[in-house]
Amino acid sequence: MTKKVLMLAAKANMIQQFNHRNIKILQGLGYEVHVATNMVDFGSMSYEENERFKQWMIDNGIFSHQVDFERRMGTLKGNIKSFRQLEKLFKENNFEFIHVHSPLGSILGRLAAKKHNVPTIYTAHGFHFFKDGPKSGWLFFFPMEWLFSFITNTLITINDEDYRLAKKYMHANKIIKIDGIGVDVEEAWRVTCEEKYRARKLIRQSLEIPENAFLISSVGELSDRKNHKVVLSALKEMSNKQRQNIYYVIAGTGASHHMLKNLADSFEFSDHFKLLGYRNDIHNINYASDLSIFPSFQEGLGLAGLEATVDGTFLIGSNRRGIADYIDEYKNGILVDPYDFLKLKEIIIQYMENSAPKLSKTAFLGKFDKKNIDKKMENIYINQIKNKIK
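Cut-off values and rules
- Residues numbered from 1 in each chain as written.
- Predicted model: local features only at pLDDT ≥ 70, side-chain atom pairs only at ≥ 80, totals over all residues.
- Heavy atoms only, no water.
- Pairing = 2+ DSSP bridges.
- Helix = DSSP H or I, 4+ residues; strand = E, 2+ residues; numbered from the N terminus.
- Axes fitted to C-alpha atoms, helices over the stretch in contact; angles between N-to-C directions.
- Contact = heavy atoms within 4.5 Å.
- Parallel < 35°, antiparallel > 145°, perpendicular 65-115°, else oblique.
- Left-handed = near helix turned anticlockwise from the far one by under 90°.
- Nonpolar A, V, L, I, M, F, W, Y, C, P; charged D, E, K, R; others polar.

Caption draft 1: Local environment of the sheet that holds strand E3 (residues 63–66). Read across the open sheet, the seven strands follow the order E3-E2-E1-E4-E5-E6-E7; overall the sheet is parallel. Of all the strands in the sheet, the pair left with one neighbour each is E3 and strand E7 (174–177). The sheet shows a mean angle of 20° between the axes of neighbouring strands, taken without regard to direction. Judged from the four bridges that link them, strand E5 (residues 120–124) and strand E6 (residues 154–157) form a sheet pairing that is parallel. Residue pairing across strands places Ala 124 opposite Thr 157, the latter belonging to E6. Packing against the sheet, helix H4 (residues 76–92) makes contact with strand E1 (4–11), strand E2 (32–38), E3 and strand E4 (95–101), and its axis sits at approximately 170° to E1.

Right, dumping it as structure tokens:
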């Protein structure tokens, strides 16, 4: 009989961005992989990227199932509808285990799995409660995660703080930490200085940014959570002379587009500020940058910041959970309070005047290499299979 496994998340972007390799690992272990997610309201990626993801599933023999998960935690009516869709899916397929992601998807998925006696692996891509986080997260999400941990076979965390919290408070049968989803550290370290210089030159020419300008870049969704406005607030505090040679670019899409443009306009910085939209050449943008800033209020790990420092760009990151896991202060980056735009201003000026160091190889980042992560994930799946057999 065909062995089946279900990969589940509320929005398709969670599968597309974080689970391609997990799916291939499961297929390599002999599983027929099914994906249950919302591919109509698909989350924070472009329409084109969603279409490519759907085609990728077809090309790779993955069985996809539309589940009408709503945004955030959904409504009662919407969640009942989604649960019924999952019920039908579980009745039609004998899944050996499921791997769930995202708060809403993990809750409904675990409920359905519990009802049908199917073991569950849950990856927490950053708990919604954390040190210095909003009280609402502790009041709502902490009790929810605690309660559902009782019906979780394996809980995977992706940063040090979440792992400590999980070990202290959660009740999953197994609690494991992996270092994010993995990036290609080895490949990044093979890129030569000459290749980086050529990429730097091409990006600057295409964006009409002078070769001698001080280029700051950020990567991430244009949203309040990503907090790009703090960088503009820091630049606004500078004199015209201090910022006359600074350019700031953001690669990403989202609802904060007009707010950020208006903020740049408010201090006549619009000619030096560029919103690049969705980009598939982030590495080249990192090479072109003198400084990368990742000012997010909340991250599980923060892939964009990790990739920037792996690419050799000095990183200013928020002193928040996850981001702090890959910054060794003053060696490959520096941590700052995401609200403190005055401190950020001082740091930018410091590294502009003294030139932020270009990094070649920061040895401790090797643990984030995707090969290491994939090996850990394969072992997690194999152990789940062994437990199922028992």
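Caption draft 2: Spotlight on the packing of helix H10 (residues 229–236) against helix H15 (residues 341–354). In contact at an axis separation of 8 Å, H10 and H15 are set at 70° when each is read in the N-to-C sense. Viewed along their axes, H10 and H15 adopt a mutual orientation that is roughly perpendicular. Regarding H10 and H15, the two cross each other, and that crossing is right-handed. The segment H10 lies against H15, with Val 230, Val 231, Ser 233, Ala 234 and Leu 235 engaging Phe 341, Leu 344, Lys 345 and Ile 348. Of the residues assigned to the contact of H10 with H15, the class counts are seven nonpolar, one polar and one charged.

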